[in-house]
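# Chains, contacts and geometry: an overview
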Amino acid sequence: MKKISKIVYLLLFAVMFSCNDATDITQEGIIFEEDAYLTLKDLNTGLNGAYAAYGPDFGGGSILFNDLFTDNMRRGSSNTGGGTEEYQFLLQPNSTSPSQIWSNRYATINRINRTLVAYDRLFPNFTVAEQADAKHVKANLLALRALCHLDLFEYYTPDYENPSGLSVIKMDFVPADYKEVYPRNSVQEILDFISTDVTTAITLFKPTATTYIGRFYLGVNACKFMELKVALLSGDYVAAEPLAQALMTAPGMPILSTKAVYPTMYTDVAPGESFFTLSRLQGNNVVGALYYFNDGPADPIYEGSRQLYDLYASNDVRRDVNFRAVDAGAGKFPIGKYKGKNTSTNRLNDIKVFRTSEVKLILAECKARNGNLTGAATDVQDLRKLRILPTVPLPVYADLNAALADILLERRKEFAFEGHRYLDIKRIGAEINVGINRDPNDAATYSAQVALSASDYRFTFPIPQDELFANPTLPQNPGY
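The rules behind these values
Residues numbered from 1 in each chain as written. Predicted model: local features only at pLDDT ≥ 70, side-chain atom pairs only at ≥ 80, totals over all residues. Heavy atoms only, no water. Helix = DSSP H or I, 4+ residues; strand = E, 2+ residues; numbered from the N terminus. Rg over C-alpha atoms; globule rule 2.2 N^0.38 Å. Buried < 20%, exposed > 50% of the residue type's maximum accessible area, 1.4 Å probe, protein only. Contact = heavy atoms within 4.5 Å. Areas by Shrake-Rupley, 256 points an atom, 1.4 Å probe, with all protein chains shown as cover. Axes fitted to C-alpha atoms, helices over the stretch in contact; angles between N-to-C directions. Parallel < 35°, antiparallel > 145°, perpendicular 65-115°, else oblique. Polar contact = N/O pair within 3.5 Å; in protein donor to acceptor, adjacent residues only side chain to side chain. 1 Å grid on protein atoms, 1.4 Å probe; cavity = no way out; pocket = protein on both sides within 12 Å on 5 of 7 lines; lining within 4 Å. Points joined across faces, edges and corners; volume = space filled by probe spheres on them. Nonpolar A, V, L, I, M, F, W, Y, C, P; charged D, E, K, R; others polar. Core = buried A, V, L, I, M, F, W, Y, C linked by side-chain atoms within 4.5 Å. Pairing = 2+ DSSP bridges. Salt bridge = Lys/Arg side-chain N within 4 Å of Asp/Glu carboxyl O.

## A look at the overall build of the protein chain
- For the protein chain, the helix and strand inventory stands at 19 helices and 6 strands.
- For the protein chain, the C-alpha radius of gyration of 25 Å lies close to 23 Å, the compact-globule estimate for 480 residues.
- Taking the principal axes of the C-alpha coordinates as reference, the protein chain spans close to 95 × 60 × 50 Å.
- Taken across its 480 residues, the protein chain has 52% of its residues classed as buried.
- Contacts spanning at least 24 positions in sequence make up 72% of the contacts within the protein chain whose residues lie at least 6 apart.
- Accessible area for the protein chain stands at about 20700 Å²; split by element, carbon and sulfur atoms hold 57% of it.

What follows is the structure in structure tokens.
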């Protein structure tokens, strides 16, 4: 018996040391960061990877969720149950969209931060010309990091205007150990961090750059738009109004698309009014696949809602863009916004993230909130004139709530299927008591509820369950 015990002990001793030896082995194929990033070209590759990682159009992402959870969609004729939970207002820490958006934005941030670490290491050894180009890369990285934090802020922050309230986790570094956990930062800390990143980015952009410019990259105007969004979300409308006014006429800012140009923007024939667009090429994510199984309109997973369709005037160009081959009598409202590039049927389209029309509607909102109801009405009319011809009347707002309700309505029509509706109800609807109130015919396609109050806790995402498992110190949002 003693002999057997001695043998077992010796075996355990040997295994222990052999395991320790194994952990000291450098495996073949491992590439360390200091070897992965050696040149300016490598920094460019890191930036490309960060842009490629950012995906509001990925499955379960913000583009689909915003319309499906609210009132812009109904179940398609070929749907076998997809989207049932979202449409029935079931939102939990293990739900798809909160997990997908959280993981996508933080994964993108991680790529950004790793490239920024390499930038700091390589920058002193670059030539003067290389340093100017490297700063331009860093500007893009900081702007994209700000955008990711802005997305996270909007979805997971319960109260935008409570500076000491809980928001999300600020990540401006690469964690040294995957086991480390971090607290949720305050609202003010996240807004300040976003502001710092965009302000710094603006100073670093190279005016004469010939690469990483144009609508497929976050330039100066995109950064100024994020500055505007920070002021808007924090309730500083006095500061937001001149920011919006200046951005409307800023150098390089595209003008509002006319009725003739508007459809071509969504077939990617013309850039239109989008000043930040995610490029999608063959082999990239196909946004139309969110709504259809195959190429044609005969097999929809989701359709537009009857209620949304009925909001548009018959001569509103947005109805023609958002819908196709409608058979209202049969209850068929197929979505047409993402048919494909150059009117093809491959459903592959670029993603319009920032548009001049949103700046215009934010300007109208700020004017209304600052007491200029007529100015707000004029801005809304200006946009409608470009969507509905030949003429539209000037809205008359009796008070601020009436103006906000009309602006919320216009945002619904303008940004349908672009990832805005849920967040718009959260921010504006809660203030004026306008939540989700579906057409009963739309709700019946999922046997779902018709209404959800804008004050409901589900207008803030839960912290995902996977994150809570990894970091049990995080407090969950109220209601979950």
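From this point, the narrative continues.
## Let's talk about the packing of helix H14 (residues 356–369) against helix H16 (residues 400–414)
- At a closest axis distance of 9 Å, the pairing of H14 and H16 adopts a crossing angle of 170 degrees. What the angle tells us is that H14 and H16 run roughly antiparallel. Across the interface between the two elements, Ser357, Glu358, Leu361, Ile362, Ala364, Glu365, Ala368 and Arg369 of H14 pack against Leu400, Ala403, Leu404, Ile407, Glu410, Arg411 and Glu414 of H16.

## Things to note about the side chain of asparagine 349
- Looking at the element boundaries, asparagine 349 is found in the loop between helix H13 (317–322) and strand E4 (351–355).
- Within polar-contact distance, the side chain of asparagine 349 engages the backbone nitrogen of glycine 340 at 2.9 Å.
- Setting aside anything within four residues of it in sequence, one finds asparagine 349 in contact with Tyr266, Thr267, Asp268, Arg280, Val287, Lys337, Tyr338, Lys339, Gly340 and Lys341.

## Some thoughts on empty space enclosed by the protein
- Within this structure, the stated rule accounts for 2 cavities of 30 Å³ or more.
- The computed volume of the largest cavity comes to approximately 370 Å³.
- Secondary structure elements with two or more residues in the lining of the largest cavity: helix H4 (62–68), helix H7 (128–156), helix H9 (220–233), E4, H14 and helix H17 (421–432).
- Sorting elements by how many residues they give to the lining of the largest cavity places H7 first, with 5 residues.
- Of the voids in this model, the second largest cavity is the one considered here, and its volume is about 30 Å³.
- What lines the second largest cavity is Arg215, Met265, Asp268, Ala270, Pro271, Thr277, Asp350 and Lys352.
- Its residues assigned to classes, the lining of the second largest cavity comprises 3 nonpolar, 1 polar and 4 charged.

## Focus: the nonpolar core
- In terms of nonpolar packing, the biggest core is built from 123 residues, with Leu43, Leu218, Met226, Tyr291 and Phe354 touching the most fellow members.
- For this core, the element with the most residues is H7, which contributes 15 residues.
- Apart from residues lying up to four places away in sequence, leucine 43 is in contact with Tyr37, Thr115, Ala118, Tyr119, Leu122, Phe126, Ala134 and Val137.
- With 5 residues, the next largest nonpolar core counts Tyr262, Met265, Tyr266 and Val321 among its residues.

## Side note on the pairing of strand E2 (residues 274–278)
- In terms of burial, E2 is largely enclosed, as 5 of its 5 residues are buried.
- Relative to E4, E2 runs antiparallel, the two sharing 4 bridges. From the neighbouring strand, leucine 278 faces E4, where its bridge partner is isoleucine 351.

## A few points about the pattern of salt bridges
- Tallied over the entire structure, the rule returns 32 salt bridges.
- Salt-bridge contacts for arginine 355 lead to glutamate 273; the nearest nitrogen and oxygen are separated by 2.7 Å. Of the two residues, arginine 355 sits in strand E4 while glutamate 273 sits in the loop between helix H11 (262–266) and E2, which places them 82 residues apart along the sequence. Here arginine 355 matches glutamate 273 in class, with each residue buried.
- Here the salt bridges share partners, and the residues they tie into one network are Glu273, Asp316, Arg318, Lys337, Arg355, Arg384, Arg387, Asp406, Glu410, Lys413, Glu414 and Glu418.

## Some remarks on the layout of surface pockets
- In this model, the largest pocket occupies a volume close to 610 Å³.
- Of all the secondary structure elements, the ones that give two or more residues to the lining of the largest pocket are helix H6 (96–122) and helix H19 (465–470).
- Sort the elements by how many residues they give to the lining of the largest pocket and H6 lands first, with 9 residues.
- In terms of residue class, the lining of the largest pocket is made up of 14 nonpolar, 5 polar and 6 charged.
- The volume enclosed by the second largest pocket comes to roughly 450 Å³.
- The element contributing the most residues to the lining of the second largest pocket is H9, with 4 residues.
- In terms of residue class, the lining of the second largest pocket is built from 15 nonpolar, 7 polar and 3 charged.

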